[in-house]
Amino acid sequence: MIINLDTKLKIDTSLILFLKSHINYTEINILNSKSFICSYTLKKYENLLQEHNFKRVHRTYMVNMEHVVAISIAEVLLSNGTVVPISRRRKI
């Protein structure tokens, strides 16, 4: 699946590491250390990416499970070294 960001940019979902919520905006972080801000909520992306192996692990984070290297009680380690927190109620 390719996400179309306001018809200006298309991103292959396999390149997405994680998404981070900023109130009514979402920051999409991809493999080459770039990030993009979109005017959709994380909830909207949660519905779009649900069938593409993405998991909501925190109120403000959603990760691509293909890039998960390790999972501990409180955090997820991604393939690029980024550590994302896991909330208590959203255990993987």
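Refer to the preceding data block for the structure.
First, a word on scope: everything that follows refers to the structure included in this document.

Here is what the cut-offs are and how they apply
- Residues numbered from 1 in each chain as written.
- Predicted model: local features only at pLDDT ≥ 70, side-chain atom pairs only at ≥ 80, totals over all residues.
- Heavy atoms only, no water.
- Helix = DSSP H or I, 4+ residues; strand = E, 2+ residues; numbered from the N terminus.
- Rg over C-alpha atoms; globule rule 2.2 N^0.38 Å.
- Pairing = 2+ DSSP bridges.

1. Description of the overall build of the chain
And step 1. The secondary structure content of the chain amounts to one helix and ten strands.
And step 2. Counted from the first residue to the last, the chain has its helices and strands arranged as β-β-β-β-β-α-β-β-β-β-β.
And step 3. Since a compact globule built from 92 residues should have a radius of gyration of about 12 Å, the 12 Å found for the chain is in line with a globular shape.
And step 4. Overall, the chain is about 40 × 25 × 20 Å in size when its C-alpha atoms are taken along their principal axes.

2. Quick look at the pairing of strand β5 (residues 35-38)
And step 1. Bridge count between strand β4 (residues 25-30) and β5: four bridges; the pairing is antiparallel. For T26, the partnering residue across the bridge sits in β5 and is C38.
And step 2. Linking two consecutive strands that pair antiparallel, namely β4 and β5, is a turn of four residues; a positive phi of about 65° is found at S33 within it.

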